[in-house]
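Notes for the structure review
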Amino acid sequence: MHLIYNKIFLEHKTNVHPERPERLLAFKNLEGSEIENGEKYLRLIYDGNYIEKIKSASKNEAYLDADTYTNERSYEVACYAVGAAIKAAKQNDFALCRPPGHHATSNKAMGFCLFNNIAIACKWLNERSKKVLVVDFDGHHGNGTQDIFYSTDKVLYLSTHQFPAYPGTGWVNEVGEGKGKYFTINIPMPPYVSDDIFINILSKIIPIIKEQYKPDAVAVSAGFDGHKDDPLLQLNLSVNSYYEVGKLLSANFKNIFACLEGGYNINVLPHCASAFLMGI
């Protein structure tokens, strides 16, 4: 698994915000990757009205909600982030892209997210008859990804996250509906959960999913804001948790790709991501 990065991801920015270019600049000596503008993939999830809304907001440098900003380059950058996600899905790599995506629903930008990168990549795989497991270990619940795939059995969504916390979703009774019933698995964790409980939970459930669901690909929403030093949450994970998650996934699955989600302590973010890669 290699990192997919392009300096265009630095162009989405505002004055003061936790989701800022410095998150990627903290990774030293990153090699640039050739990525395509992923605008053509947006229609896998989004209709024309939503796409125009994001494009217009970017042109006017508007906020889409109290937390979710745009500047004049944001729409273009977000399209390249989608392109990076598709490339990661093709190559089993890690898209080190921003803005993140897992809070964006099919009709609402929120939680720093404009387009749901991982969901678009999953839908692209679905169209190639691939069944996908999403493992979202970001410290916040990926409400957008859950919402997009809530009624399908082609994507199984598994999330570990602090609860209660933003966005307030992800309780155990949210299990899917229709064909998607029981294809959503939420594992809400109280504040101050540490490595032992986090890894123990995943070590028990991942092999069961492997045996019963048999996914063709695993899509990882790789958020590192569960680390004990992250400023936005109160989980108590160490860098070693991310190494263990990577090792667990690689021991059970062959086709794994990832997209960067959260992680807002720029001093520890590169170490967390590197540990995950080493585990893989």
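Right, let's walk through the structure included here. (Residues numbered from 1 in each chain as written. Predicted model: local features only at pLDDT ≥ 70, side-chain atom pairs only at ≥ 80, totals over all residues. Heavy atoms only, no water.)

1. Details of the overall build of the chain
- For the chain, the count of helices and strands is 8 helices and 7 strands.
- In terms of overall dimensions, the chain is globule-like: its C-alpha atoms have a radius of gyration of 17 Å, near the 19 Å expected for 280 residues.
- Across its three principal axes, the chain shows a C-alpha extent of roughly 45 × 40 × 35 Å.
- Evaluated residue by residue, the chain yields a buried proportion of 58% over its 280 residues.
- Sequence separation of 24 or more characterises 77% of the internal contacts of the chain that already satisfy a separation of 6 or more. (Helix = DSSP H or I, 4+ residues; strand = E, 2+ residues; numbered from the N terminus. Rg over C-alpha atoms; globule rule 2.2 N^0.38 Å. Buried < 20%, exposed > 50% of the residue type's maximum accessible area, 1.4 Å probe, protein only. Contact = heavy atoms within 4.5 Å.)

2. Points about the pattern of salt bridges
- A full pass over the atoms with the stated rule returns 10 salt bridges.
- Between Glu 244 and Lys 247 there is a salt bridge whose closest N-O contact spans 3.7 Å. Residue Glu 244 and its partner Lys 247 are both found in helix 7 (residues 239-252); the two are separated by 3 residues, about one turn of the helix.
- Residue classification places Lys 247 among the partly exposed residues on the basis of a relative accessible area of 37%.
- A single network of salt bridges, built from pairs that share partners, joins Glu 11, Arg 73 and Glu 76. (Salt bridge = Lys/Arg side-chain N within 4 Å of Asp/Glu carboxyl O.)

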